[in-house]
Amino acid sequence: MRDVRWLRIMNDAEHGLLLRSDQLLNFSLHPYSTDHLSRAVYRFQLQRAPFNTLNIDFDVTGVGGTAIRTLPKYRVQPVEQTYNLEILPF
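Because the structure is a prediction, the values reported are computed rather than measured. (Residues numbered from 1 in each chain as written. Predicted model: local features only at pLDDT ≥ 70, side-chain atom pairs only at ≥ 80, totals over all residues. Heavy atoms only, no water.)

Check the secondary structure of the chain and you find one helix and four strands. Helices and strands appear in the chain in the N-to-C order β-β-α-β-β. Relative to the compact-globule value of 12 Å for 90 residues, the chain shows a C-alpha radius of gyration of 16 Å, a clear excess of over 25%. Contacts spanning at least 24 positions in sequence make up 48% of the contacts within the chain whose residues lie at least 6 apart. Carbon and sulfur atoms provide 53% of the accessible area of the chain, an area that totals close to 7,500 Å². Within the chain, one finds 10 positive and 9 negative side-chain charges whose respective centroids are separated by 9 Å. (Helix = DSSP H or I, 4+ residues; strand = E, 2+ residues; numbered from the N terminus. Rg over C-alpha atoms; globule rule 2.2 N^0.38 Å. Contact = heavy atoms within 4.5 Å. Areas by Shrake-Rupley, 256 points an atom, 1.4 Å probe, with all protein chains shown as cover. Lys, Arg positive; Asp, Glu negative; His and termini not counted. Charge placed at Lys NZ, Arg CZ, Asp CG, Glu CD.)

This is the structure:
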């Protein structure tokens, strides 16, 4: 998800985590390891991990993965950023 201030993740028993920030953030949650996602060329090659991977990003570069590079205006440049992230169980 892009540009969100909070995210609630829960299991079937409705236990989980609430994540919230003072800035807009980007979240992704998936049942694959980051390494496996990086190496799989096709979706059918993905194998579920025994855990879920949560990524929290302050900003993300535009979509790539084609022969055409991401346009400069959509690239995230390295700069120092500060934000608060609260993780609460429920």
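Even without a glycine there, the phi angle at Glu14 is positive, about 60°. In this structure, Glu14 sits in the loop between β1 (4-10) and β2 (16-30).

It is worth spelling out the environment of Leu54 at this point. Following the sequence through the fold, Leu54 ends up in strand β3 (residues 53-57). For the pair Leu54 and Ile9, spaced 45 residues apart in sequence, the C-alpha separation works out to 9.9 Å. Each residue touching Leu54, except ones within four places of it in the same chain, is listed here: Leu7, Ile9, Leu19, Phe27, Ser28 and Leu29.

What follows concerns the pattern of salt bridges. Oppositely charged side chains can form a pair if their charged atoms are brought close together. Using the criterion set out here, one finds two salt bridges in the structure. Its salt-bridge partner being Glu86, residue Arg20 comes within 2.7 Å of it at the nearest N-O pair. Separated by 66 residues along the polypeptide, Arg20 in strand β2 and Glu86 in strand β4 (residues 85-89) bring together distant segments of the chain. The exposure class of Arg20 is partly exposed, given its relative accessible area of 37%. The shortest N-O distance in the salt bridge between Arg39 and Asp35 comes to 3.0 Å. In this pair, Arg39 and Asp35 are both assigned in helix α1 (residues 34-39), four residues apart and thus about one turn of the helix distant. Take Arg39: its relative accessible area is 59%, and that puts it in the exposed class. (Salt bridge = Lys/Arg side-chain N within 4 Å of Asp/Glu carboxyl O. Buried < 20%, exposed > 50% of the residue type's maximum accessible area, 1.4 Å probe, protein only.)

For the rest of this paragraph, the subject is the confidence of the model for the chain. In this model, the chain carries an average pLDDT of 87, and 91% of its residues clear a pLDDT of 70 or more. Here α1 stands out as the least confident element of the chain, with mean pLDDT 86; β4 is the most confident, with 95. (pLDDT = per-residue confidence, 0-100.)

A separate point is the nonpolar core. The nonpolar side chains of a soluble globular protein tend to be buried, and buried together. If you look at the biggest cluster of nonpolar residues, it comprises five residues: Val4, Leu7, Leu19, Leu25 and Phe27. Listing elements by their share of this core, those giving two or more residues are β1 and β2. The element that contributes the greatest number of residues to this core is β2, accounting for three residues. (Core = buried A, V, L, I, M, F, W, Y, C linked by side-chain atoms within 4.5 Å.)

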